[in-house]
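# Observations on the three-dimensional arrangement
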Amino acid sequence: VIQDVLTMIPGPTPVHERVLDALARPTTSHQDPRFVALFRRCLESLNVLAATDRAQPVVVAGSGTLAMEMALVNLLGDADRLLVLSQGYFGDRWAEIAAAFGTPVELVRAEWGEAIPPERLAGLLANGRYSAVAMTHVDTSTGAAAPIAAYCEILRGRDELVVLDGVCATGALDEPFDAWGLDVLVTGAQKALGAPPGLAILWLAPRALERRRARGRIPAYAADLERWLPIMSDPSRYFSTPPVNEIVALDAALGIALEEGRVPRFARHARLAAALRAGLAGLGLTPFTSPSWLADTLSVVLHPEGIADSAFRAAMATRGVFVAGGIGPLAGRCFRIGHMGNIASEEVCRVLHVVERSLADLGIHVRDGAALAAAAPVLAGQRPATL
Ligand SMILES: Cc1ncc(COP(=O)(O)O)c(C=O)c1O
């Protein structure tokens, strides 16, 4: 995806031309049979991507936060207790949403840059009673990827619902819904799926749907899954107008993802992340994130001594590349590079070159071409993608 301005923030990510073309198609009736067929295909593609044949996918206008809220408000009430495993700002959001609806919550936080070790979850489950466990695959604030497969292994066969925020992971990191035994997976369109922002996406296991049904009335109307499920079974029905163009764009983005294939797509993300890290290391830059938990979807990078975040990011922007600043306690200390969706080695090389030149602009001594020289062997497959 070569574009004049390269948006390498952790979402929205660069949108492929095919997806932009799809977005620009004439708006049709949501009951147009062609749109209805496309919506059905889109839902099927979501299940292929999540490696599930038992989940009910749901797509509504909104964003990742709405998908998180829908998950909690539909499944939990004040008689429940939610355990939140948080490794940052977005993990904490699970607890904030639960609190907004009066659901009792226990928030367990990792140090920023770390993730909660699976043994800690085992200990919590041994001593507490919870209706659900909410977790974040990759926390975009810290760049830490949690060991979700290991958490799921501990939760296997238990009663707690397993609720996963995949907003900064789904479509880039493997999240095999059935094999992991997930009950709910949520994401947004604008990150690793490579579609424009504007959609909340959920996958729900039969157990989660039963839990919703058993609850009867819930304190939600437009976010009530019971109102949306008939539409997902038959998109020609109406509850609330679907974002037609967004769904057409999502279908195109999913088409790209499935043409690439799940496994090659995950491998590409691993290779590009390793190359980017190697290039940054070649410039003497270090990740904020602990090496054990580095995510393949974004990098949170410490600014070198004496570099002001605003000046650095302005220098990057002048050269046409947008990266994000740090969040919360990392504001001013770090910058964040998103590397997910439909990017290729071209984008990784461009961002590395521009980081190098921007540091040079700001008076940091860097060897010409050092970043690309360090990244090239990884891109060429001469060094393992496990850096
Ligand atoms: C891990 C994670 N969860 C949730 C969200 C919230 O998603 P949205 O901004 O689409 O509401 C984000 C957004 O960056 C995120 O990175």
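Everything below is about the structure printed above this text.
Because the structure is predicted, anything quoted here is derived from the model rather than measured. (Residues numbered from 1 in each chain as written. Predicted model: local features only at pLDDT ≥ 70, side-chain atom pairs only at ≥ 80, totals over all residues. Heavy atoms only, no water.)

### Let's talk about the nonpolar core
Counting residues in each nonpolar core, the largest one holds 91 residues, and the members touching the most others are Val58, Val59, Leu83, Trp94, Tyr151 and Leu250. Here this core takes 10 residues from helix H10 (residues 244-260), the largest share from any one element. When sequence neighbours within four positions are dropped, the list of residues in contact with tryptophan 94 reads Met68, Ala71, Leu72, Leu82, Val84, Ala134, Met135, Thr136, Val163, Leu164, Asp165 and Val186. If you look at the next biggest cluster of nonpolar residues, it comprises 30 residues, including Leu285, Val301, Ile337 and Val354. (Core = buried A, V, L, I, M, F, W, Y, C linked by side-chain atoms within 4.5 Å. Buried < 20%, exposed > 50% of the residue type's maximum accessible area, 1.4 Å probe, protein only. Helix = DSSP H or I, 4+ residues; strand = E, 2+ residues; numbered from the N terminus. Contact = heavy atoms within 4.5 Å.)

### So, the sheet that holds strand E8 (residues 161-165)
With mixed pairing, the 7 strands of this open sheet are ordered in space as E2-E10-E9-E8-E5-E3-E4. Taken across any chain shown, the strands that pair with only one partner, and hence form the sheet edges, are strand E2 (56-61) and strand E4 (105-109). Recorded for the sheet is a direction-independent mean angle of 15° between the axes of neighbouring strands. Of the pairings in the sheet, the one linking strand E3 (residues 82-86) to E4 comprises 5 bridges and is parallel in character. Pairing of leucine 82 across the sheet is with valine 105, part of E4. Against the sheet, helix H6 (residues 148-155) makes contact with E3, strand E5 (132-136) and E8, and its axis sits at roughly 170° relative to E5, the strand it touches most. (Pairing = 2+ DSSP bridges. Axes fitted to C-alpha atoms, helices over the stretch in contact; angles between N-to-C directions.)

### Some details on the sheet that holds strand E13 (residues 324-325)
Pairing within the open sheet is antiparallel, and its 3 strands lie in the order E11-E14-E13. Sheet topology places strand E11 (298-302) and E13 at the edges, where each strand pairs with a single neighbour. Note that E11 and strand E14 (residues 334-338) share 5 bridges and pair antiparallel. Considered in E14, the bridge of valine 300 is made with arginine 336. Seen against the sheet, helix H12 (residues 309-318) touches E13 and E14 and runs at an angle of roughly 30° to E14.

### Focus: the site of the ligand
The environment of the ligand is formed by 13 residues, the closest being Thr65, Thr140, Asp165, Gln190 and Lys191. Within the side chain of threonine 140, an N or O atom sits 2.2 Å from an oxygen atom of the ligand. Protein coverage of the free-state accessible area of the ligand, which is 390 Å², stands at 87%. Spatially, the ligand is embedded in the largest pocket. (Near = heavy atom within 4 Å. Polar contact = N/O pair within 3.5 Å; in protein donor to acceptor, adjacent residues only side chain to side chain. Areas by Shrake-Rupley, 256 points an atom, 1.4 Å probe, with all protein chains shown as cover. 1 Å grid on protein atoms, 1.4 Å probe; cavity = no way out; pocket = protein on both sides within 12 Å on 5 of 7 lines; lining within 4 Å. Sits in = over half its atoms within 2 Å of the grid points.)

### Quick word on H6
In an α-helix there are 3.6 residues to a turn, and that puts residues three or four apart on one side. Residues Ile148, Tyr151, Cys152 and Leu155 constitute the buried set of H6. For H6, the arc enclosing every buried residue in end-on projection is 95°, short of the 170-degree limit, so these residues lie on one face. Where H6 is buried, its residues meet E3, helix H5 (118-127), E5, E8 and helix H7 (177-180). Of the residues one or two after H6, glycine 157 is the one with positive phi, at around 80°. (Arc of directions from axis to C-beta.)

### Thoughts on the state of the cysteines
Summed over the entire model, instances satisfying the criterion amount to 0 disulfides. Here cysteine 334 is not disulfide-linked; the sulfur of cysteine 168 is the nearest cysteine sulfur, at 15 Å. Overall, cysteine 334 belongs to the buried group, its relative accessible area being 0%. (Disulfide = S-S within 2.5 Å.)

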